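Here's the letter readout for the chains.
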Amino acid sequence: MVTKRMMSKHWKMVVVLLCICGGLLLLRWAAMIWG
């Protein structure tokens, strides 16, 4: 059984990963626009 603590920890990790992916996408878009 998954504990609430594990879920919250996992959630934070997912949010961080999404932020990193979003940042990379923004960088790629910026490179396309300015490049």
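Just above, that's the structure.
Residues numbered from 1 in each chain as written. Predicted model: local features only at pLDDT ≥ 70, side-chain atom pairs only at ≥ 80, totals over all residues. Heavy atoms only, no water.

(A) Structural context of the overall build of the protein. In terms of regular secondary structure, the protein is built from 1 helix and 0 strands. Across its three principal axes, the protein shows a C-alpha extent of roughly 50 × 10 × 5 Å. Taking all 35 residues of the protein together, the buried fraction comes to 3%. Looking at the protein as shown, the accessible area adds up to about 3900 Å², and 78% of this sits on carbon and sulfur atoms. (Helix = DSSP H or I, 4+ residues; strand = E, 2+ residues; numbered from the N terminus. Buried < 20%, exposed > 50% of the residue type's maximum accessible area, 1.4 Å probe, protein only. Areas by Shrake-Rupley, 256 points an atom, 1.4 Å probe, with all protein chains shown as cover.)

(B) Structural view of the state of the cysteines. Tallied over the full model, the rule gives 0 disulfides. Cysteine Cys-19 shares no disulfide, and the gap to the nearest cysteine sulfur, in Cys-21, comes to 9.5 Å. With relative accessibility at 56%, the residue Cys-19 sits in the exposed group. (Disulfide = S-S within 2.5 Å.)

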